[in-house]
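One-letter residues, chain by chain:
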Amino acid sequence: MDKELVEFLIRAKKATYAGKGAETTSSREKSHDLIYRDGDYMYYDTYLGTGKFAGEEALWIKDIPYWSMNYIGRVTGDNFSGDFLKEALLLVPEDKPFRGPEKYINGDYTYDCEIDGDYNWFMGRETISYKGAEIYECVFHGGLVE
């Protein structure tokens, strides 16, 4: 993925879910859909559910699907904070622009993210712990599409 695409993907992620962006019309019954466009690029995030959720992020170049990531997650304990998750996701790293950073801590909350692979083909897992107890998990995978 070239620098321009990575920069677009990071802008898109910050402008949609993580940045509390506005949802667009649902593509399916009760889905949450967020779209970001800039020039020839379009990013689409769609998911179902909240406490237990599944979704897909995808990137198009000139209306041609280029990259996609699927994810599924769940809240597993008390004191989950969606705002903390969004804080972590706003820190999406340039070298692995998929979810949040390898580690992020704010007060009693800790976000951890492990990724194997690169934008061509990857898989990963993120967790949130509150006072040392895991309260959230999400697994994700994706890569280039043709």
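Residues numbered from 1 in each chain as written. Predicted model: local features only at pLDDT ≥ 70, side-chain atom pairs only at ≥ 80, totals over all residues. Heavy atoms only, no water.

**Topic: the pattern of salt bridges**
Then, number 1: Taken as a whole and judged by the stated rule, the model has eleven salt bridges.
Then, number 2: For the salt bridge of Asp 83 with Lys 20, the shortest nitrogen-to-oxygen distance reads 3.2 Å. With Asp 83 in helix α2 (residues 82-89) and Lys 20 in the loop between α1 (3-15) and β1 (32-38), this pair connects stretches of sequence that are 63 residues apart.
Then, number 3: Accessibility expressed as a relative area gives 45% for Asp 83, which makes it partly exposed. (Salt bridge = Lys/Arg side-chain N within 4 Å of Asp/Glu carboxyl O. Helix = DSSP H or I, 4+ residues; strand = E, 2+ residues; numbered from the N terminus. Buried < 20%, exposed > 50% of the residue type's maximum accessible area, 1.4 Å probe, protein only.)

**Topic: the packing of aromatic side chains**
Then, number 1: Counted under the stated rule, the structure contains 14 aromatic pairs.
Then, number 2: Ring geometry for Tyr 109 against Tyr 130: centres 4.8 Å apart, planes inclined by 50 degrees, an arrangement best described as tilted. Of this pair, Tyr 109 sits in strand β6 (residues 109-118) while Tyr 130 sits in strand β7 (residues 121-130), placing them 21 residues apart in sequence. For the pair Tyr 109 and Tyr 130, a shared accessibility class is recorded, and that class is buried.
Then, number 3: A network of ring pairs unites the aromatic residues Phe 53, Tyr 71, Phe 80 and Tyr 136 as a single cluster. (Phe/Tyr/Trp six-rings, centres within 6.5 Å; stacked < 30°, edge-to-face > 60°.)

**Regarding the sheet that holds strand β8 (residues 133-144)**
Then, number 1: Ordered in space as β1-β2-β3-β4-β8-β7-β6-β5, the eight strands form an open sheet in which the pairing is antiparallel. Strands at the two margins of the open sheet, each flanked by one partner only, are β1 and β5 (103-106). Here the average twist between neighbouring strands, direction ignored, is 10 degrees.
Then, number 2: Note: β5 against β6, four bridges, orientation antiparallel. Note on β6: the bridge partner recorded for Tyr 104 is Tyr 111.
Then, number 3: Across the sheet, α1 touches β1, β2 (41-49), β3 (52-61) and β4 (64-75), and the angle it forms with β2 is around 40 degrees.
Then, number 4: Against the sheet, α2 engages β5, β6, β7 and β8, with an angle of about 45 degrees to β6. (Pairing = 2+ DSSP bridges. Axes fitted to C-alpha atoms, helices over the stretch in contact; angles between N-to-C directions. Contact = heavy atoms within 4.5 Å.)

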